[in-house]
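Summary of the model geometry
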Amino acid sequence: MTVSPFQRILFALYIAIFFIYLLGPLAVMGASAFNTPEYPQVWPFEGFTLDWFGKLFADQDMMYGLKMSLWIGLLVVCISVPIGLAGAIVMTQITPRARSLYYLVVVSPVLTPGIIIGISTVVFWRQFTGQTGTRFLYDGVILTVFGQASFISAYCMLIILARLQRFDRAQEEAALDLGASYPQVFFHILLPFLKPALFSAAVLAFLSSFENYNTTTFSILAEKTLTTVLAGRMRQGTTPAISALAVIIVAVTVLGAIVYEILKRRADAAAVQRQRAAQAAEEEELAGMPSPAPA
Amino acid sequence: MAAAVELEGVNVTFGDFVAVRQANLTIEPGEFFSFLGPSGCGKTTLLRTISGFIEPTHGNVRIGGQDMKGIGPNRRPTALIFQNLALFPMMSVAENIGYGLRVRGVPRHERDEKVKNLLIQVALTEHGHKRVAELSGGQKQRVAIARALAVEPKVLLLDEPLSALDLKLRQHMRTELRAIQKKVGITFIYITHDQGEALTMSDRIAVMNAGVIEQVGDGRAVYAEPRTPFVAAFVGENNQIRGRITQVADGFATLETPLGLLKGRNPVGLGAGEEALLFVRPEALRLGHDGQANGSGFEAETLDVAYEGSVTHVTLRVRTGQKITATLGAGSALPAPGEMLCLGFAPQDGLLLKRPERA
Amino acid sequence: MSGIGGLTLTIGLPLVAALVLVALSAYERRAGAATGPGFFQRNGLAIGLYLVVAVGFWAFFIILLPQLAMVDMSFRPKLPPAQMGGPKDLYTLENYRYFLFGSTTSTAEWNWIHIKAFFLTIGVSVVITAFNFVICYPLAFHMAQSATLARLRMLLLLLIIPYWVNEILRAFAFRVLLSSGGIINQLLMGSGITSEPFDFLAADIGLYMGLSYAYLLMMIFPLYNAIESLDKNQIEAARDLGAPWWHIHAFIVMPHSKPGIASGCTLVFMLTAGALAAPLVLGGPRTLWFTPIVYDRFYQAFNWPQGAAYALILLVTCIVFVLVVLKAFRLSLGEITR
Ligand SMILES: Nc1ncnc2c1ncn2[C@@H]1O[C@H](COP(=O)(O)OP(=O)(O)OP(=O)(O)O)[C@@H](O)[C@H]1O
Ligand SMILES: [Mg+2]
């Protein structure tokens, strides 16, 4: 299909508008973090300052919220990755009839609005801890971890499942055949195979937890996380310190993306290297061999 | 000394499907034993039953005289080489080979020593540190063998290990495998659907068909003395002609066929009146221009002559429309296509076997 | 789920489910549908236990029982703690009645504010979902089918940058952008289009833009993944046969990427309808949106049963939406959650 210059320009324009829409608001907000006025604004640019970053770090509530968010994120990783792993393994082993029901149950949190997950978590644990005399469990951090774990475990499961479906059962059997016990097979063969997926799942779990607001705002009770503190600030009015926070988050994301890209390229290069070595070995092998006798 | 592997009335079923039926077999220590059969006949299933991944539905498996019931694959003195090798990609070659020792808790220095010896044995001394992905097909094959030998199994089980290799390499590996077996002296149980492999490598062969072990014997026996029509047809080329026995006399019998009366050996003791199949190898057929004096003969029209140098394959058509192949040695006079010939064979080259119910 | 009954259910349900599973697998084994080693034989005792406990805890204590508790609560009256489980704690439809007709003391016939907010939320969410699909599809197609590798990496990086900025900050960005002293108003006034700053927030324009913006990426990634799996040759072949471009999209690309489209649409709809941050940050004082109302039932009115009922209404709506999408696209749940 020939693309006319007009179409080309139109498409370029569309891409430009799309990314202006996507990145423009963030850029404007980011810029406001370096402007002096009290209220976040970009124009007129009255003077460059880094004060807002200082104010951000001096903000006790915000820092406390950040600490809790990191802490909760860590706990969610510790719970969701093992649950997601178990969920994925069970998915591959469960009888076909039970599988669809099981899938429906464990994937449903992905399609459930976050606030509903938060609400149901609070409602259930309030009753459950009340009835069983385990009131100490009725705690904002614990509830938030459980609430977030419901859908984050499902994310983890889906990631791990995708890799697990490419697992060669013969690997497991080979290890067993060589005398490995079941736990040894699990730790020596299955886990190393799943390592990349487990890592992705952990990163995704942490980030999802860190940025979550809808579930957290219900389940956090008297505690605070970064997002709930932020939401509180929004009610009170805004300062460029919030923009400064966004700048930091974007910077960390970009840094992470770049590191990931570098690692990936390195791994790709190593894989290509290996394949070349294998090819060379193959050629050498065939060269040193007499031709097969005519059949 | 107890037999290496004994199968006693082994049945394996998957739901209603019978994958292995009434397998009875004794495999001696130090033997190179092959299972030969077409795809889907239950070879892998039988091998997995021996290695413990499948429990037989009925019957017993004994290894070294010991009943294996309830003993998992990780506690049997067998090692399996998988069809796709199943090497561990996240481990180095040396770690792969040492894995069986590692899970047995063999101390590191002892393990390293042993791995080093095995690397020498399979000519991979330089490659211990490499990843499996860096190796050639033949090298991977040898890693798999070394990994299995490392645990010093009583029986090594190989599931079509050469099927993924280049033809050139495959022929080379046949000799190599046989040499390794001679050197380590343990029992090898080898699965293949390639009769060339089975015949060249094995001490004995079990020919399988549809879950049933049809015949067990050395290469010569299954080729020259097949006991069932399946074995006769599957191992090597064979012509078969249907008919009914008319006369039986001291190890021979006469068969009444649409092509006339034909005489052949009667090793399974067929009686007069029984439905039978006559098998004649292509190389046993003689081509002539008139009726043969001794032996049976019938008329056929030459269809195709394929000259291959040392041998020539001639395709012919008999009166009933059935096609017959004959193989002529070098120096024989070659017929021309369309020529009418008289085919003959000596009675000891004809083999009469019972015709199966629905064949 | 109050009193002994609730507790029995809490403990009993997982047990019953476990028994059913064991019975089912025994049955399938007998019937020959399942073969091979059993669950504990295959995993070993320790690992098997870990699997059962982890999945059991997740499925029951984190997913099912909380949802059940919420459903249960939505049918109960609001009572002081002392009376819970007492004689007055009977099942009632009061909370749902309230959603439709409002307080019994009010004079209005219907509870218009809540009903309007509900339908507005659903309507706007559908519109935003459609809008996001329209603006994301061309880019997703470009990335999946015609962009060079370097270009693709670049675009993906640009898309990743805003991905982990949380919803509140995204909404906040729009507030900065659209506020009366914000850059948009400066531009409008500077170019003489308006003389007064336009209050985008009061007009809810800010809210709708912010909502669309917040979940843009939830649309583009599923679309991209689905279109990427389409064989380029299919499009080439269609072009060679002279199919016009719209025909190629309507009859080749879109049918192929159905799962991705459905997945993106359900996600965006669910997230938009359930959004709490954008209305909070970008909503004016008279903004109607359903989730803040739900929130207020809990933490302003302290009427948890009513809040649970409202949440359930929202949940059922989302389930219906998912079902409609699945039906319309003839897909299974497994296909859209990949
Ligand atoms: N787990 C199983 N469940 C049901 N049927 C099975 C199972 N494993 C194997 N079968 C069936 O049993 C039969 C024998 O399979 P098997 O793998 O033993 O054949 P094979 O002789 O090794 O064939 P190939 O040469 O193709 O490897 C096949 O028809 C197969 O479909
Ligand atoms: Mg096989």
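Residues numbered from 1 in each chain as written. Chains lettered and ligands numbered in written order. Predicted model: local features only at pLDDT ≥ 70, side-chain atom pairs only at ≥ 80, totals over all residues. Heavy atoms only, no water.

1. Examining empty space enclosed by the protein
Residues and elements named next belong to chain B. If you walk through the whole model with that rule in mind, you get two cavities of 30 Å³ or more. If you add up the space inside the largest cavity, you get close to 50 Å³. Glu55, Pro56, Gly59, Asn60, Val61, Asp67, Met68, Lys69 and Arg76 together form the lining of the largest cavity. Here the lining of the largest cavity takes three residues from strand S4 (residues 58-63), the largest share from any one element. Partitioned by chemical class, the residues of the lining of the largest cavity number three nonpolar, two polar and four charged. (1 Å grid on protein atoms, 1.4 Å probe; cavity = no way out; pocket = protein on both sides within 12 Å on 5 of 7 lines; lining within 4 Å. Points joined across faces, edges and corners; volume = space filled by probe spheres on them. Helix = DSSP H or I, 4+ residues; strand = E, 2+ residues; numbered from the N terminus. Nonpolar A, V, L, I, M, F, W, Y, C, P; charged D, E, K, R; others polar.)

2. Side note on the side chain of Thr228 of chain B
Relative to the helices and strands, Thr228 of chain B resides in the loop between helix H7 (219-224) and helix H8 (229-234). Dropping the residues within four chain positions of it, Thr228 of chain B is found in contact with Glu214, Gln215 and Leu353 of chain B. (Contact = heavy atoms within 4.5 Å.)

3. What to know about helix H1 (residues 43-51) of chain B
Residue and element names in this part refer to chain B. Counting buried residues along H1, seven of its nine residues qualify, which places the element largely inside the surrounding structure. Among all positions in H1, only Lys43, Thr45, Leu46, Leu47, Thr49, Ile50 and Ser51 are buried. Phi for Gly52, located one or two positions after H1, is positive at around 100 degrees. (Buried < 20%, exposed > 50% of the residue type's maximum accessible area, 1.4 Å probe, protein only.)

4. Quick look at the domain arrangement of chain A
All names here are of chain A. Under the domain assignment used here, chain A contains domain 1 (23-57) and domain 2 (59-240). Here the C-alpha centroids of domain 1 and domain 2 sit 35 Å apart. With ten residues of domain 1 at the contact, the number on the domain 2 side is six residues. Together, the buried faces of domain 1 and domain 2 total about 650 Å²; carbon and sulfur atoms form 65% of this surface. (Domains from an automatic or database assignment. Buried area = accessible area lost by both parts, 1.4 Å probe.)

5. Remarks on the nonpolar core
The nonpolar side chains of soluble globular proteins are, as a tendency, buried together. Counting 266 residues, the largest nonpolar core has Phe18 of chain A together with Phe35 of chain B as the members making the most contacts within it. Residues in contact with Phe18 of chain A, not counting those within four places in the same chain, are Ile135, Cys136, Leu139, Leu159, Leu216 and Ile220 of chain C. Counting residues in hydrophobic clusters, the runner-up holds 24 residues, among them Ala253, Leu255, Val314 and Leu341 of chain B. (Core = buried A, V, L, I, M, F, W, Y, C linked by side-chain atoms within 4.5 Å.)

6. A word on the interface of chain C and chain A
Reports of interface size often rely on the accessible area that becomes lost once the parts have come together. The partner chain A presents 98 residues to the 97 residues of chain C that form the contact. Summed over both sides, the interface between chain C and chain A buries roughly 8,900 Å², with carbon and sulfur atoms accounting for 75% of that surface. The largest contributions to the chain C side of the interface with chain A come from Arg42, Trp58 and Trp164 of chain C, which together make up 9% of the buried area. Counting across the chain C and chain A interface gives one salt bridge. Here chain C and chain A share 13 residue pairs in polar contact (both at pLDDT 80 or more) between them. Of the residues forming the side of chain C that touches chain A, the biggest block, 18 residues, is contributed by helix H3 (residues 45-74) of chain C. Of the residues in the side of chain C that touches chain A, the class split is 71 nonpolar, 20 polar and six charged. (Salt bridge = Lys/Arg side-chain N within 4 Å of Asp/Glu carboxyl O. Polar contact = N/O pair within 3.5 Å; in protein donor to acceptor, adjacent residues only side chain to side chain.)

7. Some remarks on the packing of helix H8 (residues 182-211) of chain A against helix H2 (residues 93-103) of chain B
When two helices pack together, their arrangement is given by the angle between the helix axes and by the axis-to-axis distance. Contact geometry of H8 of chain A with H2 of chain B gives a least axis separation of 12 Å together with a crossing angle of 155 degrees. By the angle between their directions, the pair H8 of chain A and H2 of chain B is classed as roughly antiparallel. Between H8 of chain A and H2 of chain B lies a crossing whose hand is right-handed. Contacts from Gln184, His188 and Ile189 of chain A in H8 of chain A reach Tyr99, Arg102 and Val103 of chain B in H2 of chain B. Tallied by class, the residues present in the contact of H8 of chain A with H2 of chain B amount to three nonpolar, two polar and one charged. (Axes fitted to C-alpha atoms, helices over the stretch in contact; angles between N-to-C directions. Parallel < 35°, antiparallel > 145°, perpendicular 65-115°, else oblique. Left-handed = near helix turned anticlockwise from the far one by under 90°.)

8. Some points on the UniProt feature "domain: ABC transporter" (unreviewed entry) in chain B
The sites that UniProt annotates as "domain: ABC transporter" (unreviewed entry) are residues 5-235 of chain B. Spanning residues 5-235 of chain B, this segment combines 37% helix with 26% strand, and its end C-alpha atoms are found 25 Å apart. (UniProt positions renumbered as here; feature names shortened; annotations may be inferred.)

9. Thoughts on helix H4 (residues 96-107) of chain A
Residues and elements named next belong to chain A. Between its first and last C-alpha atoms H4 spans 17 Å; for twelve residues at 1.5 Å apiece the expected length is 16 Å, and the two agree. Listing the buried residues of H4 in full gives Ala98, Tyr102, Tyr103, Val105, Val106 and Val107. Taken around the axis of H4, the buried residues stretch over an arc of 165 degrees, which confines them to a single face. In H4, those exposed residues whose orientation departs by more than 90 degrees from the buried face are Arg97, Ser100 and Leu101. (Expected span 1.5 Å × (residues − 1). Arc of directions from axis to C-beta.)

10. Digging into the domain arrangement of chain B
Residues and elements named next belong to chain B. As far as domains go, chain B holds domain 1 (5-229) and domain 2 (237-354). Here domain 1 and domain 2 have C-alpha centroids that lie 39 Å from each other. Taken together, both faces of the contact between domain 1 and domain 2 bury some 700 Å²; the carbon and sulfur share is 51%. Three residues stand out in domain 1 for area buried against domain 2, namely Tyr223, Arg227 and Pro229, and they jointly supply 69% of the buried area on that side. Its salt-bridge partner being Arg265, residue Glu225 comes within 3.2 Å of it at the nearest N-O pair. Counting the contacts that link domain 1 with domain 2 gives three residue pairs in polar contact (both at pLDDT 80 or more). In the side of domain 1 that touches domain 2, the residues fall into four nonpolar, one polar and two charged.

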